[in-house]
Amino acid sequence: MGIPPRWARQVLLCQHAALIAGSTLRGLVIAVLPTVVIAARISGFVLSVPWWQLAVLAAVHPAHRLRVTEARSA
């Protein structure tokens, strides 16, 4: 096709990053916002989100599924 593989990888990386960012924002609006609103109505409720555990899970899961051949080609 005449497209350098490096350029194609960069384009795909940017597309995936935009997709993940948009999905994350939508997920936050859909899940967290109603939870905060409901929690504000309940007296004595403390909202605690395990951010570091969620970040580790988000980082480890895709890396775990990465095959050795895919890692070598990157």
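See the structure above.
Small disclaimer: the values here were computed from a predicted structure and weren't measured.

Visitor: Quick question: what am I supposed to make of a nonpolar patch on the surface here?
Guide: On the surface, Leu 25, Leu 28, Val 32, Val 36, Ile 38, Ile 42, Phe 45, Leu 47, Val 49, Trp 51 and Leu 54 cluster together into a nonpolar patch covering about 970 Å² of accessible area. Mapped onto the nonpolar patch, the elements with two or more residues apiece are α1 (5-41) and α2 (51-65). Sort the elements by how many residues they give to the nonpolar patch and α1 lands first, with five residues. If you trace the backbone, Leu 28 turns up in helix α1. Taking the relative accessible area as the measure of exposure, Leu 28 reaches 35% and is therefore partly exposed.

Visitor: Please explain the environment of Val 49 as it appears in this structure.
Guide: For Val 49, the location among the structural elements is in the loop between α1 and α2. Linking Val 49 and Val 32, residues 17 residues apart in sequence, is a C-alpha distance of 9.6 Å.

Reading the values: the criteria
- Residues numbered from 1 in each chain as written.
- Predicted model: local features only at pLDDT ≥ 70, side-chain atom pairs only at ≥ 80, totals over all residues.
- Heavy atoms only, no water.
- Patch = residues over 30% accessible without salt bridge, like charges linked within 9 Å, V, L, I, M, F, W, Y side chains within 5 Å.
- Areas by Shrake-Rupley, 256 points an atom, 1.4 Å probe, with all protein chains shown as cover.
- Salt bridge = Lys/Arg side-chain N within 4 Å of Asp/Glu carboxyl O.
- Helix = DSSP H or I, 4+ residues; strand = E, 2+ residues; numbered from the N terminus.
- Buried < 20%, exposed > 50% of the residue type's maximum accessible area, 1.4 Å probe, protein only.

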